[in-house]
Every structure is written in structure tokens, then in C-alpha cells.
Amino acid sequence: MTAAVAVIGAGASGTLVAANLARLAAELDAPVLVHLVERSGTAGPGIAYSTTDNRHLMNTPVGKVSAYTADPDHLLRWTNDTQRSDFITRAEFGQYLHDTLHEAFAGSVVARLYEHHDDAVSVRDHDGGVEVTLAGGKVLRVAAAVLALGNSVTARTPAVFTRAGDRYLDAPWLTGVDAVRPGESVLLLGTGLSMVDIAATLSERPGVTVHALSRHGLLPTAHQTACSHGGHPELIAAVLAERDLTGLVRAFREAVSEAPDCWRALVDALRPHSFKIWEQLDHPDRDRFLTRFGRFWDVHRHRLPPVVATRLHDLIAAGRLTVTAGTPTACVPAADGLDVTIGRPHGVEHLTVDRIVNCAGFGRDVTAATDPLLRDLVARGVLVADPLRLGVHTDHIGRLIDRAGAVSPTLSTIGPLRRGTLFETTAIPEIRDQASAIAAHVLSTVATTCVSVTETAVPSSPGELVSLALRAARAPDPTRALTDLQRTIAAHRHTILRWLPGAGTDETLLYAGPDITILRVEIAPHTAFPPHDHQIPAFMSVLHGTEHNTYYRLSPTGLTTTAHTPTPAGGVIAMPPDTIHSVSNPTHPRSTALHIYPGDLFALSRTIWDLDTGTTHPYTDDNYFALARPFTL
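From a predicted model like this one, the values you see are computed outputs, not experimental measurements.

(A) Structural context of the pattern of salt bridges. Counting across every chain of the model gives 31 salt bridges. One salt bridge in this structure joins Glu-131 and Arg-141, with 2.9 Å as the shortest N-O distance. On the criterion of sequence distance, the pair formed by Glu-131 in strand S5 (residues 129–134) and Arg-141 in strand S6 (residues 139–142) is long-range, its members being 10 residues apart. By relative accessible area, Glu-131 is classed as buried at 18%. With a relative accessible area of 54%, Arg-141 lands in the exposed category. In this structure, Glu-430 and Arg-271 form a salt bridge, with 2.6 Å as the shortest nitrogen-oxygen distance. With Glu-430 in helix H14 (residues 428–446) and Arg-271 in the loop between helix H8 (263–270) and helix H9 (274–280), this residue pair connects regions lying 159 residues apart in the sequence. With a relative accessible area of 17%, Arg-271 lands in the buried category.

(B) Fine view of H8. Here H8 lies mainly inside the structure; 6 of its 8 residues are buried. Among the residues of H8, Trp-263, Arg-264, Ala-265, Leu-266, Val-267 and Leu-270 are the ones counted as buried. For H8, the secondary structure elements touched by its buried residues are helix H6 (233–240), helix H7 (245–258), H9 and helix H10 (283–301).

(C) Structural context of the environment of Ala-104. Residue position: Ala-104 is located in helix H3 (residues 90–105). Each C-alpha atom, one on Ala-104 and one on Ala-199, is 36 Å from the other, the two residues being 95 residues apart in sequence. In this structure, Ala-104 is in contact with Ala-19, Ala-22 and Tyr-68, ignoring residues within four places of it in sequence.

(D) Broad picture of the side chain of Thr-221. The topology assignment puts Thr-221 in the loop between strand S10 (209–214) and H6. Among the polar contacts made by the side chain of Thr-221, one reaches the main-chain carbonyl oxygen of Val-299 at a distance of 2.6 Å. With residues near it in sequence (within four places) discarded, Thr-221 still touches Trp-263, Val-299, His-300, Arg-303 and Leu-304.

(E) Representation of the pairing of strand S26 (residues 580–585) in the model. For S26, a buried count of 6 out of 6 residues is recorded, marking the element as mostly surrounded by other parts of the structure. Alternating positions in S26 separate into two faces, Ile-580, Ser-582 and Ser-584 on one and His-581, Val-583 and Asn-585 on the other, with burial throughout. Pairing analysis gives 2 bridges linking strand S21 (residues 532–533) to S26, with the strands arranged antiparallel. Across the sheet, residue His-532 finds its bridge partner in S26, namely His-581.

(F) Here's a closer look at the packing of aromatic side chains. Counted under the stated rule, the structure contains 11 aromatic pairs. Aromatic pair Phe-161 and Tyr-168: ring centres 5.5 Å apart, planes at 20 degrees, arrangement stacked. An identical accessibility class is assigned to Phe-161 and Tyr-168; each is buried. For the ring pair Phe-529 and Tyr-624, a centre distance of 4.7 Å and an interplane angle of 10 degrees mean the geometry is stacked. Note that Phe-529 is positioned in the loop between strand S20 (527–528) and S21 and Tyr-624 in helix H18 (residues 621–626), a separation of 95 residues in sequence. By relative accessible area, Phe-529 is classed as buried at 10%. The rings of Tyr-49, Trp-78, Phe-93 and Tyr-96 are connected pair by pair, giving a single aromatic cluster. We note Arg-23 situated over the ring of Tyr-68; from NZ or CZ to the ring centre the distance is 3.7 Å.

(G) Structural context of the nonpolar core. Leu-21, Phe-93, Phe-105, Ile-516, Ile-518 and Leu-594 are the most contacted members of the largest nonpolar core, which totals 73 residues. No other element matches helix H1 (residues 12–28), which puts 10 residues into this core. When residues no more than four places from it in sequence are discounted, the contact partners of Phe-105 are Ala-18, Ala-22, Val-34, Ala-111, Arg-112 and Leu-113. Leu-33, Val-37, Val-142 and Leu-149 belong to the second largest nonpolar core, which has 28 residues in total.

(H) Representation of the packing of helix H15 (residues 462–473) against helix H16 (residues 478–491). H16 packs onto H15 with a crossing angle of 150 degrees between their chain directions and a minimal axis gap of 7 Å. As summarised for this structure, H15 and H16 are arranged roughly antiparallel, according to the angle between their axes. Where H15 approaches H16, its residues Leu-465, Leu-468, Ala-469, Ala-472 and Ala-473 are matched on the opposing element by Pro-478, Ala-481, Leu-482, Leu-485 and Ile-489. Broken down by class, the residue content of the contact of H15 with H16 amounts to 10 nonpolar, no polar and no charged.

(I) Structural context of the sheet that holds S6. With antiparallel pairing, the 3 strands of this open sheet are ordered in space as S4-S5-S6. Strands with a single pairing partner mark the edges of an open sheet, and in this sheet they are strand S4 (120–126) and S6. Pairwise comparison of adjacent strand axes, ignoring direction, gives a mean angle of 20 degrees for this sheet.

(J) Focus on the environment of Arg-493. Position of Arg-493 relative to the elements: it lies in helix H17 (residues 493–499). Relative accessible area serves as the criterion here: at 19%, Arg-493 is assigned to the buried category. Placed 201 residues apart in sequence, Arg-493 and Arg-292 show a C-alpha to C-alpha distance of 44 Å. Sequence-distant contacts of Arg-493, defined by excluding residues within four places in its chain, comprise Val-542, Leu-543, Ala-569 and Gly-570. Within the local environment of Arg-493, its side chain forms a polar contact with the backbone oxygen of Ala-490, the two atoms lying 2.9 Å apart.

Quick notes on the rules
Each chain has its residues counted from 1, running along the sequence as written. Only residues with pLDDT of at least 70 are given local features in this predicted model, and only at 80 or more are side-chain atom pairs given and counted; all residues enter the totals for whole chains, interfaces and linings. Note that water and hydrogens are dropped before the side-chain values are worked out from all heavy atoms of the structure. The working definition used for a salt bridge is a side-chain nitrogen of Lys or Arg within 4 Å of a carboxyl oxygen of Asp or Glu. Under the scheme used here, helices are H or I runs from DSSP no shorter than 4 residues and strands are E runs no shorter than 2 residues, and both carry numbers assigned from the N terminus. Only protein chains enter the accessibility calculation, which uses a 1.4 Å probe. A residue is then buried if its area is under 20% of the maximum for its type, exposed if over 50%, and partly exposed in between. Residue contacts are defined here by distance: any two heavy atoms, one from each residue, within 4.5 Å place the two residues in contact. Two N or O atoms form a polar contact when they lie within 3.5 Å of each other; inside protein one atom must be a possible hydrogen donor and the other a possible acceptor, and for residues adjacent in sequence the pair counts only when both atoms belong to side chains. Here, any two strands with at least 2 DSSP bridges between them count as paired. Only the six-membered ring of Trp is used, alongside the rings of Phe and Tyr, when aromatic pairs are assigned; centres must lie within 6.5 Å, and planes under 30 degrees apart are stacked while those over 60 apart are edge-to-face, with the rest tilted. Our definition puts a charge over a ring when NZ of Lys or CZ of Arg is within 6 Å of the ring centre and also within 35 degrees of the ring normal. Buried residues of nine kinds, namely Ala, Val, Leu, Ile, Met, Phe, Trp, Tyr and Cys, make up a nonpolar core once their side-chain atoms join them within 4.5 Å. Simply put, an axis is a line fit to the C-alpha atoms, just over the touching stretch for a helix, and the angle between two N-to-C directions goes from 0 to 180 degrees. We call two directions roughly parallel when the angle between them is under 35 degrees, roughly antiparallel when it is over 145, roughly perpendicular when it lies between 65 and 115, and oblique otherwise. Here the term charged refers only to Asp, Glu, Lys and Arg, the term nonpolar to Ala, Val, Leu, Ile, Met, Phe, Trp, Tyr, Cys and Pro, and the term polar to all other amino acids, Gly among them.

No statement about biological role is implied by the geometric values presented.
Now the structure itself:
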């Protein structure tokens, strides 16, 4: 029997989920039928990559936006130039996504693709699975559904522009800017990446002048040559040691002051940690970050290709583009266009333009959505906005958390709707990782073909690792299956380290769900962490360096040491659920291990022991890292 999965939306997010499902199904010999629902009728480009203007470039170098985390050269091979380091056009990338999808399904004997040129208007639980109703009347009954809706919340027209009529153009990436005629003046609302693309398009029209307006008037910065100092891991470590916004900002400013020419590398080095940083901030700190620092982070984090930055500044120098910091306070029709009043820090200015184009981006508040599917899901409490209205509540995998706090076993989402949980979730590197994890979870949950975990089942991607681990955890003898899997991983550690995410990070969460938790754990040289428990079994494979475990017995007087066990690279450790241990790195190389737990480690109330004071503490990341000590035996 073949499992059926619906992926709703076929832009970058949905395309990558579908492609990962096909790839993983082939690797695991697990039959799957993917229903891909896309209103435009074309899978791949979506809104972001459907532009035909070749001045619109990707904002990340071509070598860093492969469709697959485990195959970083996939896009380079598609371009027929594996040495490229430039920025391809957004149109090219859209074609690449389209080709990648069909390549994944072409000739597959286990994965089939049905594309539906339609809108999904309803998604409901049905008989242990999901029923998806399309606008045309067709009903899809599937085992699971993934909402890959992209930026689907339309921003509301600001009240100040309600009298602008058809001179106000909303969402130019949907409607285009063909209404702008040669010789006209245009006000672009927003000074971010969308404004840069629209300004580039308008610059080709004779006599068009452009004014860009935003509250801060900040333009995106440009990419430059990579840092030659290895990314300054010691400075980043100091930043990551902070646990609140004040400390994080202070530490990052200190890092930039020590390496001012490498600020781009410092920003990029924080990228893999963004979820963990966001997760540890409380609601007031998150709100304060967005209000005080959000725009500054955006212009430094989401940067322009050098050629685009040069073109932008040439337009400014030629007087064809002006950039203003201010807020529009009024807009009234005038004889020769629209008269816009702009509040500035030191007064008011008036600007007369022919057109206004909103480049400020999509909305985020799902409770204000006009899309029928989103409105229905919100009304029924299936989608719940996070407190800051950035997205919706999900768990670590992307499964929806409903109004009652229940995690859906059949509905998940990817991309922008996860902003509230992840913060950084709109760039291709983040989306492809999510796609891999969601595909692994969905396929492992719904596939009917059993794959035995043996020494020949070597994971070749994060998604396959998750899928094999889930199957091992659900095996009749999970202890044996997970031990065998870790032995396989240890034996092939050199290959696996090439694609395993999280290099250089103390702890990288690869997957967390009710059946399994997977962590990549690295320990700095000569570092010891405090004793702690797990409450569920633990299976570790050491991939690099040496991991030293000290075991303890709990008595009425405290902890008593029972054993010391060093495990070099290639070794495997299996611990029963009542184990209390501490883990250390006694050697100079940074150690790396893969930890697998058959259950949700983060849902448990665990304990840390402080050997210096004899006290116990709840297990939290703060407590764990605060009690780290130099290694001694």
C-alpha cells in the first residue's frame, strides 16, 4: 500500500518538501504518493522566484543555496559550472527548483507526483488522516499534509493611502509595476531587498525617478570577501554564553569592536544559532529586539550581491533614487498626482509623486489573513498566532500546535509561518533544512514499508538519518536497533561528518519529537559538563576526538562515582534510562558525537548536580553551560 501526502503550496518550500519526500522514499524503498497543490499551476518558482527581470539576483552566493543540505554542489552541477561563486538570477533559481522537483520524481519506482492546479480551501482531520478540499471540488484523502504557504498573508493597505486610488500599487511582486510609465515619479514604501529589486526594474524606464521611504531609511548592506580569520569562534562563543537580550547585544558589540572588518563573518556565524537564541529569549526581550534592533539586524544579515549594491549606489549618485527616513502621515490626490506628507525627525516634508508602490513586504498576522484556507484554520483553532503575531505555534519539527495546546500528528508547516518559533525561517538554507526534517518525519510516520536498520543502512542525509532513527525507535527491539544504527554511523563517521549539520556548534538539535530526539554534541578541549540524568535511554556514537563519561550512583548523601570511561572516535555508548553521568573532552581536538534518545528529551523534567556545592538544579541549557568546568580526573 502506498502512503499519500498532500503538500499545499509549490513555491520553494513546498517544492523542497516534495523533492525531499521523493529522494528519501527512494533511499528507503518506501512508496509514497505526493499531491502537490499550487494555484499558479507551476511548481518551483513561487512568488519569490517568478520574476523575469534578470537584474533581480539571489542574495546568497550560488554555492550556498543548493536544494539539498546533504548535497551542497547540487545547484552548481545544475549550472554546469562547479567553480561558480557568483549570484545567479532569481529566475534561474526558480527554474532550478522546478527542474529539481521533476528530477526527484523522474523514473522513481516508489515516489509518484500528482500536481493539482487549484487552491486548497479546507484541511480537516479525517479517519486518522487528513481531508484536503480543493476550490474546484476535488477532495484529497491523505495520511498527512504539509502547509507550504510561503508569504501568504497579504499586508493591509495603510489607512493613510486609502485615497490614492489606482495610483497606489500593492504587492508589486504579484501585480508588477507595468502601470508606471516613462517620466513618472514613484514613491517606494520600504528600503529593504524588495525595494532594491523594484528600483532596479524602474531604473530601466526612461525618465523615471524613484523615492524610497522607510522609518529608519536604512539600506541593505553588501556582501564582501569572506573573513580570513576562521569566523572568530572565540568571539562567537562569548556571545552565545549570554542568555538575555542585554547581554547578547553587549557581547556582540564587543565582538564587532574587536574585529570590525569581520562583522559580516560574525553575523553569519550566529546564523546556525538563531533558533536557540530566539528560543531562550522571553517575550519582552523578543518584542524589544524586534522594536529596537530588528531592522538593524535585517540590513546586516540579509545582504546584497556586490554588483547590485554598486548599481543601487549609482542610482543614488545619479539622482534617480533618493532614500528618506520618515513616516507617511497623509496622502491626498493632487492635480498632478499624489501629495504625500512625510513626518521626519525634525519636521514635515511634502512630496508629489505619480505612483506609490508598497515594497514593505507581506503581512505576518494570520488572524488578519484573507486567504480562505488560512481563515478557516484560524477560525477553527488549528492555526494559532504566536504572541508577537509573527507566525503560528509549531513544535521543533514544524507540526502545528492548536488552540488547546495539542500537537497535530498529521499537519505541519514550513517557512514563514514558523517565524514565531524560529525567527530566521525565510532563506533557502533554513527552508531546505526544514524540508528535509519534515519529509523524514512525514515519511517515517505514514510509510507502510518497513525498513530494517542494519549495518548496510547508512544515512546519507539529515532526513534519512531522522527517518532511520525513527524506524529504529519504533522497532520491536529499539535498544538493539538504535545501537546497530549508531554502530553504522560510527563506522561511516568520516562520510557522515561531511553532511551532518552543526559543525562548530556546542549543541545542534537535528530533530525532536515524541518518538525520538537527535543532537549533534561538540565539546571544547579540556571541558567537563556537570552530572545529569536523561530519564530515557541514550545512544551515542563518537565521530571525532574522545568523549569521556563519568558515571554516578545516587545515594542519600549525594552522588558517588562508579566508573570513568573514555570513548574514542568510532566508539558507541548505550545508556539505560536511570543513568546519571557527566560528559567531558579530555583531549585537545574538539570532540563531536551524535546523541539519539528514543523520546522527546525536551519534554522531561530532568536534573543537574553541582558537584562543588552538592546541590541539584532543573536541567536547562543555562544551568548546564554555567556549571561547565575544566576537565580533571
